[in-house]
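Tertiary structure, described
Residues per chain, in single letters:
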Amino acid sequence: MPQLPQNLSFTIQIKMTSDWHVGSGNGYGEVDSAVQRDHDNLPYIPAKTLTGILRDGCEQAAIALDGGKKTGQWHNWINFIFGDQPALAEGAIEPAPRPAVVSIGSAYLDNDLRDALKAKKGLKEAIAFIKPGVAIDPKTGSAEPQCLRFEEVVRMGAVLNADIGLDFSPYEPVDQTTKEIVYALILAGTKLVERLGGKRRRGNGNCEITTDASRDKWLRWFKDNYSDIEEPPSFNKEESADEDNSLLVQNPQPITVNNTETWWRIPLRIKTLSPVVIPKRTVGNVVESLDYIPGRYFIGHLHRKIGQSLDLNGAIATNQIIITNATVEIAGRAGKPTPFCLFGKKLGGGLSKGKSVYNRFVEAEPKGIQLKGERGGYVGAFDDEQLPDHHSIKLGVNTHNTVQDEVQRPTSDVGGVYSYQAIPINTIFRAEIRIPQSLKTELDQTQDWQNKLDGILRIGQSKKDQYGKIKISVERPEALPTQKSLKGNLLSLWFLSDVLLRDERLQPTTDPEVLRQVLEKELQVTLTKRDDDELMSLMMRSQRNESWQVRWGLPRPTMLGWQAGSCLVYQVEGDINPQKLAELEAKGIGDRRVEGYGQISFNDPLLTAELSKLEREDSKSQPDSSPPQPIASNSKSFEYARLIETAAWRKKIQDMALAIAADPEKREEILGLRITDDQSHPSMSQLGGLRSVIRNLQSPQDISKVTSWFDALKKTANRREKWDKTDDGLDKIRTLVTNDQIIWRHFSDINWQSIKITEDGKSSLKTELWAEAVRTLVDAIVRGHKRDLEKAQDNIREEAA
């Protein structure tokens, strides 16, 4: 009996045995359909494509096992492995869809090859080529007009790797036999996948998927035992929810709140290991994403990791634990949403330019200068000496489609074409878990409770395949300041996250008066709006959030509040307790603070300083990293790397040959060709013969075929005379053909190092491509000579006319 892979995760290897095209849904320039490229601008197979094609392979096995039917026990196993497909259901769906137990990652090129290609733009382009196509009219058998198109296609021979994991937690407990059946059925599906991507029924996308060496053993075991296998485990949503709730402490006891105790922050560093979709809203068939990760996405992770050690329900109910939103990292700290009181000079200024920024809370509007409000992005810490760093996340967009089996095309019946906006891979976020001393003391009784929070997590939309994979790293706890000073009688307030408040009727509100009353109650002072006609005192915007309750499968109530970045200034009457200010900064205000809402900052230096005279020095560029090592001949990526390298060399040779051929002086220097009035030296018939004989030069062994042509030509007087007015053309051409270094001197302007990634690539390719380089240069020069001759003849005829 073969053994299951460790941790129920394994890697499959996909070798493309023909050119392939997994389209991005976009085009560029003359290209109608570009291939999908990853964050390093290299072709890859998206997890959604791979999941669909593997499911299709497993369904083929299920059809065979169910006696050719499209329903049956083995189709139930397919739904158990890959989850239900609500889009294909007929009529209303009452039960919740079953979740998938398999998660499939995107397939990428080998790491050695990726590292070698990252810094080589010319090679990234050479990995694919443009393939023309045209539609044929079935009636006439000829090309249809207006149907010529160009598609980008990746060269054959690529080997890509994808990670696959199995997670049976929604069905726990699951016996060992069930796990073995799932694994064996997936391996059977990989065996049946032969093609993937676009135009795969027309020659593109042929592939071979391999797994570990035990696949044949698993298939034999499956063959011997499949008749004794019963239905897969059923999915009971309520039972699953109860199972999940077992991690929670039922009927939590109220936690005693001590307002004087110290609060602690546990910093979290979050790195996206795949694109992440945090749904913001859906517009048409485009799902827009937030540029931050709300704190609520980490609550389930906390339950699973420390729920057994802490009354987490009680802590959440009494706001004794806060999880801040994860925002982009700036200088090792969480970026803060840009405050709305900052304005930049409309032309040539602003935070992005690092100059001409005005803080309208302390600076009057300058005369004669048009300002524009700073919106979006995040700012770093402010040091009173220069403007803070300003970062924003550039969200990517990926287009997908769902193919209907019957017509083998995307249709609206099964989802059609849709796009996800996503946070890019390798983006670093920062967040904090905040707890009071009493909870920390309780947690400290559990050994290594902080390290338990480290790990890999999947969040957001479409997290079962190529989206939502993040890595969480926890740092040592730090005590938060216990006091917050107040300068003068002004209190500035900056919303670091969205803030939700309710009025006296418990209705969501965005009335600033309610906020003032809440703060007055907390701080035990009187707050009034600052009275200054030249300065702004309130810059607030409302925000409406929609969200989704995954467990219930229902939308949550709409949340209405103030947008992060809102800020305002109050005039204070009375004495503010510095400890209370620090406590409010730690705990926040309003509803749903445990989910990241309600984070505020008092009297931040950025809101109380004049900024117009400050600028920001651009950070020094990072030193170039060491160049990657050439791919060795014994590497498994060597063959494909050499294929790409060869294609890049050919492109460079062709481009350089055309550039040389466009210059008459270069043509005369290399082949001795001349144009006198409307006459070619030698004649075009001689050049036609030269092109014909040069085509026979396929390798150094063919040199004699060309030199014999020169010898015969010199022996014939009337042919030899046609070369007399050239610049020693015959000898130059003979030297070009017989001296293997001459051609590379003509191509000395090419930066070969920029397209070199394999060991000994330069010397080997010079030998391999020598004959092709000579043919390409001679052919280009003759063509260039002919074009200029025709122009000269046309000019003379026009002058004569």
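This text follows the structure it describes.
I will try to describe carefully the structure that is included in this document. (Residues numbered from 1 in each chain as written. Predicted model: local features only at pLDDT ≥ 70, side-chain atom pairs only at ≥ 80, totals over all residues. Heavy atoms only, no water.)

By the secondary structure assignment, Glu363 is in the loop between strand S16 (357–359) and strand S17 (371–373). The buried charged residue Glu363 lacks any salt bridge, with Lys613 as its nearest oppositely charged partner at 7.7 Å. At a separation of 2.7 Å, a polar atom in the side chain of Glu363 contacts the main-chain amide nitrogen of Asn359. Side-chain polar atoms of Glu363 contact the side chain of Ser612, separated by 2.6 Å. Not counting residues up to four positions away in its chain, the partners in contact with Glu363 are Val357, Tyr358, Leu535, Glu610, Leu611 and Ser612. (Helix = DSSP H or I, 4+ residues; strand = E, 2+ residues; numbered from the N terminus. Buried < 20%, exposed > 50% of the residue type's maximum accessible area, 1.4 Å probe, protein only. Lys, Arg positive; Asp, Glu negative; His and termini not counted. Salt bridge = Lys/Arg side-chain N within 4 Å of Asp/Glu carboxyl O. Polar contact = N/O pair within 3.5 Å; in protein donor to acceptor, adjacent residues only side chain to side chain. Contact = heavy atoms within 4.5 Å.)

Turning our attention to the packing of aromatic side chains. One pass over the full model with this rule turns up 17 aromatic pairs. Ring plane angle 90° and centroid distance 5.4 Å describe the contact between Trp74 and Phe222, whose orientation is recorded as edge-to-face. Here the residue Trp74 occupies a position in helix H2 (residues 73–82), and Phe222 occupies one in helix H6 (residues 215–225), the gap between them amounting to 148 residues. Each member of the pair, Trp74 as well as Phe222, carries the same accessibility label: buried. Members of the aromatic cluster, connected to one another through ring pairs, are Trp74, Trp77, Phe80, Phe168, Tyr171 and Phe222. The side chain of Arg541 reaches across the aromatic face of Phe340, ending 5.7 Å from its centre. (Phe/Tyr/Trp six-rings, centres within 6.5 Å; stacked < 30°, edge-to-face > 60°. Lys NZ or Arg CZ within 6 Å of the ring centre and 35° of its normal.)

Moving on to the pattern of salt bridges. Enumeration over the complete set of coordinates arrives at 39 salt bridges. One salt bridge in this structure joins Asp444 and Lys440, with 3.0 Å as the shortest N-O distance. Judged by relative accessible area, Lys440 falls into the buried class, the value being 12%. A single network of salt bridges, built from pairs that share partners, joins Asp38, Asp40, Arg114, Asp115 and Lys118.

The next subject is a negative patch on the surface. Taken together, Asp531, Asp532, Asp533 and Glu534 make up a surface patch of like negative charges. Its place among the elements puts Asp531 in the loop between strand S31 (526–529) and strand S32 (538–539). (Patch = residues over 30% accessible without salt bridge, like charges linked within 9 Å, V, L, I, M, F, W, Y side chains within 5 Å. Areas by Shrake-Rupley, 256 points an atom, 1.4 Å probe, with all protein chains shown as cover. Charge placed at Lys NZ, Arg CZ, Asp CG, Glu CD.)

Take the layout of surface pockets next. Computed from the structure, the second largest pocket encloses a volume of approximately 860 Å³. If you go around the second largest pocket, you meet 35 residues; those closest to its centre are Arg333, Lys336, Glu432, Arg434 and Leu496. Within the residue set of the lining of the second largest pocket, elements represented by two or more residues are strand S8 (263–272), strand S12 (327–330), strand S13 (333–334), strand S14 (336–337), strand S24 (428–436), helix H12 (578–587) and strand S38 (600–602). Split into classes, the residues belonging to the lining of the second largest pocket amount to 13 nonpolar, eleven polar and eleven charged. (1 Å grid on protein atoms, 1.4 Å probe; cavity = no way out; pocket = protein on both sides within 12 Å on 5 of 7 lines; lining within 4 Å. Points joined across faces, edges and corners; volume = space filled by probe spheres on them. Nonpolar A, V, L, I, M, F, W, Y, C, P; charged D, E, K, R; others polar.)

Let us look at the pairing of strand S23 (residues 417–422). Direction of pairing for strand S10 (residues 286–289) relative to S23: parallel, over a ladder of two bridges. Across the sheet, residue Val286 finds its bridge partner in S23, namely Ser419. Bridge count for strand S20 (residues 396–401) against S23 is six bridges, and the pairing is antiparallel. Considered in S23, the bridge of Thr399 is made with Ser419. (Pairing = 2+ DSSP bridges.)

Here the focus is the sheet that holds S14. The strand order S14-S18-S19 describes an open sheet built from three strands, whose pairing is antiparallel. A strand with exactly one partner marks an edge of an open sheet, and here the two such strands are S14 and strand S19 (390–391). In this structure, strand S18 (residues 378–379) lies alongside S19, joined through two bridges in antiparallel fashion. Across the sheet, Tyr378 pairs through a bridge with His391, a residue of S19.

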